[in-house]
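Tertiary structure, described
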Amino acid sequence: MNISWYPGHMHQNRKALDKLLQQVIAVIEVLDARAPKVTTNPIFSETYRNKPCIKILCKADLANPEATTKWQNYFNTQPNTVCLTSALESTVTKKLLLQAVKRVVDRKSIRSESKHDLVIIGIPNVGKSTLLNKLAKRKLAKTGNEPALTRSQQRIRLDDSWHLIDTPGILWPKLENQDKAFVLAMLGSIRNTAFETEEIGWFAAELLLAHFRTKLITRYGLSVQIRTPDQLLLFIAQTRGGLSKGTRPNFHKASETLLNDIRSGKLGPLSLEHAPG
Ligand SMILES: Nc1nc2c(ncn2[C@@H]2O[C@H](COP(=O)(O)OP(=O)(O)OP(=O)(O)O)[C@@H](O)[C@H]2O)c(=O)[nH]1
Ligand SMILES: [Mg+2]
């Protein structure tokens, strides 16, 4: 299976974003704390290469705290960059964000009496709109656990000087690295019409068996005999109601169960990548 998802609206959104990036002072790049590298859009580094950047590792409550701290330290060593973390119950506050802005933005480049824009960018479903709503203390932008919910830019006031703009999630036109594409699909950044759920379920099962077996034991009460993805999916089908009529195991439903559990954090914190060094 070859995953590719770059619908027409994403192309339009990219053009609108490129235009917007010309006028903003700094960007806020939202990444998924569980996989900050895979959820980095390579086209952004071309577009905003010289802009000060605040990276926010969202969904930190779904990642391993130690791994997230290492990623944060790593990004803080990058030029023009400050990295913050955000979790469902402890989101980045306006105060923290504005402090970070002050650290990365060269004061000489801005006029104190003017108003300036910051733009939130990121791939789909990483938590951009949730962040905007929390900062606005109102539900302005539609949010939800499916990709490409935001379809237009949305601007809020942070203080007398700074405004914040939420933008639709954007992927890149060609997902050359299919392992990355599978992780993006597993985390919910690629629309499920672009892939076979069972293939992503199989991929996730293989990855979890290899690296997070104890989490599977805790969640599903896995026995020692279960070693392969088909055995795991069959086990989930048998124990979580994924058996079709006539007792044929429903691998599609079992895959959905597994993917939903990963995406919602029911397996516990999962960090899929290590920070360099
Ligand atoms: N556990 C957890 N879930 C989060 C967090 N932030 C966002 N979410 C959930 O992630 C899903 C996606 O959030 P959105 O804010 O809609 O993501 P987005 O980046 O705006 O997505 P698009 O508009 O599609 O690009 C929603 O179900 C949120 O509730 C977080 O810090 N922790
Ligand atoms: Mg959004």
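Below is a short write-up of the structure. The structure presented is a predicted model; accordingly, all values stated were derived computationally and were not measured. (Residues numbered from 1 in each chain as written. Chains lettered and ligands numbered in written order. Predicted model: local features only at pLDDT ≥ 70, side-chain atom pairs only at ≥ 80, totals over all residues. Heavy atoms only, no water.)

**Overview of helix H10 (residues 251-264)**
- Under the 1.5 Å per step criterion, the end-to-end length of H10 is 20 Å for 14 residues, consistent within 8% with the ideal 20 Å.
- For H10, the complete set of buried residues consists of Ala254, Ser255, Thr257, Leu258, Leu259, Asp261, Ile262 and Arg263.
- Residues of H10 that are buried sit in contact with helix H6 (178-187), helix H7 (197-211), helix H8 (213-220) and helix H9 (229-239).
- The N-cap of H10, judged by a side-chain oxygen 3.2 Å from the amide nitrogen of His252 a few residues on, is Asn250.
- Immediately beyond the C-terminal end of H10, within one or two residues, lies Gly265, with a positive phi of roughly 85°. (Helix = DSSP H or I, 4+ residues; strand = E, 2+ residues; numbered from the N terminus. Expected span 1.5 Å × (residues − 1). Buried < 20%, exposed > 50% of the residue type's maximum accessible area, 1.4 Å probe, protein only. Contact = heavy atoms within 4.5 Å. Polar contact = N/O pair within 3.5 Å; in protein donor to acceptor, adjacent residues only side chain to side chain.)

**What about the coordination of the magnesium ion (ligand 2)?**
- Protein coordination of the magnesium ion (ligand 2) is provided by Ser129 (OG) and Thr150 (OG1), with donor distances spanning 1.9 to 2.1 Å. Taken as a pair, Ser129 in helix H5 (residues 128-136) and Thr150 in the loop between H5 and strand S5 (154-157) lie far apart in primary sequence, 21 residues in all.
- Taking relative accessible area as the criterion, Thr150 reaches 15% and is therefore assigned buried. (Donors = N, O, S within 2.8 Å, 3.2 Å for Na, K, Ca; no water.)

**A few points about the nonpolar core**
- With 84 residues, the main nonpolar core has Leu97, Leu164, Ile190 and Leu258 as its most contacted residues.
- When residues of this core are assigned to domains, at least three map to each of domain 1 (8-166) and domain 2 (196-264).
- Ranked by size, the runner-up nonpolar core spans 10 residues in total, among them Trp71, Phe75, Cys83 and Ala275. (Core = buried A, V, L, I, M, F, W, Y, C linked by side-chain atoms within 4.5 Å. Domains from an automatic or database assignment.)

**Digging into the pairing of strand S4 (residues 116-121)**
- Counting buried positions over the 6 residues of S4 gives 6, a clear majority of the element.
- On S4, burial covers both faces: His116, Leu118 and Ile120 on one face and Asp117, Val119 and Ile121 on the other are all buried.
- With 4 bridges joining them, strand S1 (residues 26-32) and S4 adopt parallel strand pairing. Bridging from a neighbouring strand, Ala26 pairs with Leu118 of S4.
- Two strands pair when backbone bridges link them, and S4 and strand S6 (residues 162-166) are joined in this way by 5 bridges, in the parallel orientation. By the bridge assignment, Ile120 is partnered in S6 with Asp166. (Pairing = 2+ DSSP bridges.)

**Regarding the environment of Pro276**
- By the secondary structure assignment, Pro276 is in the segment after H10.
- Sequence separation of Pro276 and Tyr74 is 202 residues, and the distance between their C-alpha atoms is 7.3 Å.
- The contact partners of Pro276, leaving out residues within four places of it in the chain, are Trp71 and Tyr74.

**Focus on the sheet that holds S5**
- The strand order across the open sheet built from 6 strands is S3-S2-S1-S4-S6-S5, with neighbouring strands paired in mixed fashion. Bordering the open sheet on either side are strand S3 (81-85) and S5, each of which pairs with just one other strand. Between one strand axis and the next, the sheet turns through 25° on average, direction left out of account.
- With respect to the sheet, helix H1 (residues 8-23) is in contact with S1, S4 and S6, its orientation differing from that of S4 by roughly 145°.
- Contacts from helix H3 (residues 65-76) reach S1, strand S2 (53-58) and S3 within the one sheet, and its direction differs from that of S3 by about 165°. (Axes fitted to C-alpha atoms, helices over the stretch in contact; angles between N-to-C directions.)

**Points about the packing of H8 against H10**
- Here H8 crosses H10 at 110°, and the two axes come no closer than 13 Å. For the element pair H8 / H10, the angle class is roughly perpendicular. Of the residues in H10, those in contact with Leu216, Arg219 and Tyr220 of H8 are Thr257, Leu258 and Asp261.
- Here the residues of the contact of H8 with H10 sort into 3 nonpolar, 1 polar and 2 charged. (Parallel < 35°, antiparallel > 145°, perpendicular 65-115°, else oblique. Nonpolar A, V, L, I, M, F, W, Y, C, P; charged D, E, K, R; others polar.)

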